[in-house]
Amino acid sequence: MKINEQTKSILIDKMTILKTPGKADICLVGPVKLPVEQGDFSAVFQWYTWLELDGANHDKEAVLESLSDANLAFGQQSSVLVYGDFKESENALVRMHSICHTGDIFGSKRCDCGYQLHQSMKMIAEHGCGAIFYLADHEGRGIGLFSKSLAYLLQQEGYDTVEANQALGFEDDTRSYEGAIRVLRELRENPVTLITNNPKKLDALMKHGLAAKDHIPLWGGLTEDNSFYLDTKVKKSGHIPLQKPTFIV
């Protein structure tokens, strides 16, 4: 079904084609006003999403015309929540958050992902400026949801997170941040402060073009169920140790 000209006129100005020599084009869409409420926390974010395009020489109209045949529901698209004057503010917080179906949606306590996602929103709103990149192809450190369920079964038998992924034939961490960094460059030129417990992650992102000047750790959501998981992060993934462990129930 062809998209009419009125629909195109509404959408075209909210689309940007990002081009990098030797890389697939990215179509960035937004901002969309997105009011968020979680318990006693509420804020209005500006929401963007992006799509990596196949082939070359894309234009906005071609992207719109291809939507009905693209089967995007069967793939994964990442997005970003922006708060405040992200483009011009001198100091902005950024969280590169890997999707966690079990933690973010179900509230699983096998990890601290849900806590980190929601706490990052609060930190950014309180700070006055920032962005949360929600990276949809990062489930299970890049192994996917189905493989993650198998890894969880191995963890129930005593494997740690790294051992379980490797036992299934994966590297410890297969995540890529290339697309997210390209989108960040479009939304902001000034350096950012990264919300992460892992200084190695900050160093790796900077080597791939992230303009960052510092990082802020984010510990919390510790339970008896995820203490082994968090300890593995410290011992095997380079995370900053939690100074004063406090369990929550």
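Structure first, text after, so check above.
The structure presented is a predicted model; accordingly, all values stated were derived computationally and were not measured.

Engineer: How do you make sense of helix H6 (residues 145–156) when you look at a structure like this?
Structural biologist: Every α-helical turn comprises 3.6 residues, leaving residues that sit three or four positions apart pointing alike. Here H6 spans 17 Å end to end across twelve residues, near enough to the 16 Å set by a 1.5 Å rise per residue. Residues of H6 that are buried: Ser147, Lys148, Ala151, Tyr152 and Gln155. Along the axis of H6, the buried positions cluster into a sector of 150 degrees, meaning they face one direction only. Exposed side of H6, more than 90 degrees from the buried face: Phe146 and Gln156 are the residues found there. In the core, the buried residues of H6 are packed alongside helix H3 (101–105), helix H5 (139–142) and helix H7 (161–167). Gly158 lies just past H6 and shows a positive phi near 110 degrees.

Engineer: Honestly, helix H9 (residues 199–207) in this entry has me stumped. Any pointers?
Structural biologist: Buried within H9 we find Lys201, Leu202 and Leu205. Looking down the long axis of H9, one finds its buried residues gathered within 100 degrees of arc, a one-sided arrangement. Relative to its buried face, H9 has exposed residues pointing more than 90 degrees away, namely Lys200 and Lys207. In this structure, the buried side of H9 is in contact with strand S5 (93–98), helix H8 (178–187), strand S7 (192–195) and strand S8 (212–216).

Engineer: Help me understand the sheet that holds S5, please; the structure alone is not making it clear to me.
Structural biologist: Within a beta sheet, neighbouring strands are joined by backbone hydrogen bonds and run either parallel or antiparallel to one another. A sheet is described by the order of its strands in space; here eight strands give the open sequence S1-S2-S3-S4-S6-S5-S7-S8, paired in mixed fashion. Unpaired on one side and paired on the other, strand S1 (15–18) and S8 mark the two borders of the sheet. Ignoring strand direction, the axes of neighbouring strands in this sheet form an average angle of 30 degrees. In this structure, S7 lies alongside S8, joined through four bridges in parallel fashion. Bridge pairing links Leu194 to His215 in S8. Sheet strands touched by helix H4 (residues 113–127): strand S2 (26–38), strand S3 (41–52), strand S4 (78–83), S5, strand S6 (130–135), S7 and S8. Its angle to S5, the strand with the most contacts, is close to 165 degrees. The sheet contacts of H8 involve S1, S2, S3, S4, S5 and S6, and relative to S2 the element is tilted by about 85 degrees.

Engineer: What am I meant to see in the packing of aromatic side chains here?
Structural biologist: In this description, a pair of aromatic rings is defined by centroid distance and the angle of the planes. What the rule picks out here adds up to two aromatic pairs. In this structure, Arg110 packs its charged tip against the face of Tyr152, placed 4.1 Å from the ring centre.

Engineer: Explain unusual backbone geometry to me, please; I cannot follow it from the model alone.
Structural biologist: Negative phi characterises most residues that are not glycine, and trans characterises most peptide bonds. Put simply, Gly30 and Pro31 share a cis peptide bond, and its omega is 5 degrees. Mapping Pro31 onto the fold places it in strand S2. Unusually for a residue other than glycine, Asn71 sits at a positive phi of about 55 degrees. Mapping Asn71 onto the fold places it in the loop between helix H2 (60–66) and S4. The backbone of Arg141 shows a phi angle near 65 degrees, a positive value even though the residue is not glycine. Of note, Arg141 is situated in helix H5. For Arg141, a relative accessible area of 12% gives the class buried.

Engineer: Looking at this model, I keep getting lost on the side chain of Thr102. Mind explaining?
Structural biologist: By secondary structure assignment, the location of Thr102 is in helix H3. Judged by its relative accessible area of 16%, Thr102 falls in the buried class. Once you skip the residues sitting within four places of it in the chain, Thr102 turns out to touch Gly107, Ser108, Lys148 and Tyr152.

Engineer: Where do I start with the pairing of S6 in this structure?
Structural biologist: Regular strands show a simple pattern: their side chains alternate between the two faces of the sheet. Within S6, five of the six residues are buried, which leaves the element mostly enclosed by the surrounding structure. The pairing of S4 with S6 spans five bridges and is classified as antiparallel. The residue of S6 that forms the bridge with Tyr83 is Gly130. Looking at chain direction, S5 and S6 are connected through six bridges and run parallel. By the bridge assignment for S6, Arg95 is matched with Ile132.

Parameters at a glance
- Residues numbered from 1 in each chain as written.
- Predicted model: local features only at pLDDT ≥ 70, side-chain atom pairs only at ≥ 80, totals over all residues.
- Heavy atoms only, no water.
- Helix = DSSP H or I, 4+ residues; strand = E, 2+ residues; numbered from the N terminus.
- Expected span 1.5 Å × (residues − 1).
- Buried < 20%, exposed > 50% of the residue type's maximum accessible area, 1.4 Å probe, protein only.
- Arc of directions from axis to C-beta.
- Contact = heavy atoms within 4.5 Å.
- Pairing = 2+ DSSP bridges.
- Axes fitted to C-alpha atoms, helices over the stretch in contact; angles between N-to-C directions.
- Phe/Tyr/Trp six-rings, centres within 6.5 Å; stacked < 30°, edge-to-face > 60°.
- Lys NZ or Arg CZ within 6 Å of the ring centre and 35° of its normal.

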